[in-house]
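Breakdown of the fold
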Amino acid sequence: VQSFVGGEDLLAGPRGAGPERHIQLFRFLQSKWQCYDAYCRVCMSMGINQILQGMSYYCICHTLVENHSPSTGYALIVIFQCTTIGLAVLDLAGMTRHEIIAVQVMGIMPCMLTLWSIAHRKHKTGSLDPEEDYPLSPFSFLCQVAWLELWRRIASPSDDEAKLPRRFRQTLFLDVFHDAGDFDAADRKQAD
């Protein structure tokens, strides 16, 4: 705070209690951590998506392999994957819905390939047979890698000075005092 011009009298002097001083200090400090905040928000968005993917794989194993209930497995997978699409539509800005859905379909493919591969195998003991062939497994991994690469490109930094991932709605609202940049205390005193 000592490097901020006039920061030492922020609360001590009569001028320090003015509304413009804490906004100036906040904006100065915000510029130091804004990038970290933006990528934390992107990581939370990606984390929710990965949690839903993990729950989908758990449902595949639990409903299809252990409980022999493919209809329940299919229903849960559809619910979780539709939720990932809905969250992507809410999270992403600057992309058309068709582009967002295309990216998410690439993320749905590994889960669906795994679902299809496991659903069409016999599981007598309630566990996966290590001797059984699962020919769609390599395609599941390739689709997962392609999906992660698409998300890496979506989350890439912008070309402006801030270098923020501007395609995420969460990063569009980082500067909460954006409209206060033109605040002038002299104008306010004249209005009073």
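This text goes with the structure placed above it.
Residues numbered from 1 in each chain as written. Predicted model: local features only at pLDDT ≥ 70, side-chain atom pairs only at ≥ 80, totals over all residues. Heavy atoms only, no water.

This next bit is on the overall build of the protein chain. The secondary structure content of the protein chain amounts to six helices and zero strands. Counting from the amino terminus, the protein chain carries its helices and strands in the arrangement α-α-α-α-α-α. Counting only residues that meet the buried cut, the protein chain has 34% of its 192 residues in that class. Considering only residue pairs separated by 6 or more positions, the protein chain has 65% of its internal contacts joining residues 24 or more positions apart. Entry remark: accessible area of the protein chain is about 12,300 Å², with carbon and sulfur atoms responsible for 64%. (Helix = DSSP H or I, 4+ residues; strand = E, 2+ residues; numbered from the N terminus. Buried < 20%, exposed > 50% of the residue type's maximum accessible area, 1.4 Å probe, protein only. Contact = heavy atoms within 4.5 Å. Areas by Shrake-Rupley, 256 points an atom, 1.4 Å probe, with all protein chains shown as cover.)

The next thing to look at is the nonpolar core. Across soluble globular proteins, nonpolar side chains have a tendency to be buried as a group. L92, M95, I100, V103, W151, I154 and F168 are the most contacted members of the largest nonpolar core, which totals 15 residues. Breaking this core down by element, the ones donating at least two residues are α1 (19-66), α2 (70-91), α3 (97-119) and α4 (137-154). Excluding its chain neighbours within four sequence positions, the residues that come into contact with M95 are I100, V103, I154 and R167. Core analysis: the next-biggest nonpolar cluster, separate from the first, contains eleven residues, C59, I60, F80 and L115 among them. (Core = buried A, V, L, I, M, F, W, Y, C linked by side-chain atoms within 4.5 Å.)

Side-chain pairs of opposite charge can arise whenever the charged atoms involved come near each other. One pass over the full model with this rule turns up three salt bridges. With a closest N to O distance of 2.8 Å, E149 and R152 form a salt bridge. Linking E149 with R152, this pair stays in helix α4, spanning three residues, or about one helical turn. Its salt-bridge partner being E149, residue R153 comes within 2.8 Å of it at the nearest N-O pair. Of this pair, R153 and E149 both sit in helix α4, four residues apart, which is roughly one turn of the helix. The exposure class of R153 is exposed, given its relative accessible area of 52%. Note on E149: relative accessible area 29%, which makes it partly exposed. By sharing partners, the salt bridges in this structure join E149, R152 and R153 into a single network. (Salt bridge = Lys/Arg side-chain N within 4 Å of Asp/Glu carboxyl O.)

Our focus in this paragraph is the packing of α3 against α4. At a minimum axis distance of 8 Å, the contact between α3 and α4 shows a crossing angle of 160 degrees. On the basis of their axis angle, the class for α3 and α4 is roughly antiparallel. Crossing of α3 over α4 shows left-handed handedness. In this structure, α3 contributes V103, Q104, M106, G107, M109, P110, L113 and T114 to the contact, and α4 contributes F139, S140, C143, Q144, A146, W147, L150, W151 and I154. Along the lines of polarity and charge, the residues of the contact of α3 with α4 split into twelve nonpolar, five polar and no charged. (Axes fitted to C-alpha atoms, helices over the stretch in contact; angles between N-to-C directions. Parallel < 35°, antiparallel > 145°, perpendicular 65-115°, else oblique. Left-handed = near helix turned anticlockwise from the far one by under 90°. Nonpolar A, V, L, I, M, F, W, Y, C, P; charged D, E, K, R; others polar.)

Another aspect to go through is the state of the cysteines. Here the structure, examined in full by the defined rule, presents zero disulfides. Free cysteine: C35, not disulfide-bonded; nearest cysteine sulfur from C40 at 9.6 Å. (Disulfide = S-S within 2.5 Å.)

Looking now at the environment of M46. The topology assignment puts M46 in helix α1. Under the relative-accessibility criterion, M46 is labelled buried at 18%. For the pair formed by M46 and W151, sequence separation is 105 residues and the distance between their alpha carbons is 8.5 Å. Contacts of M46, omitting those with residues within four sequence positions, involve W147 and W151.

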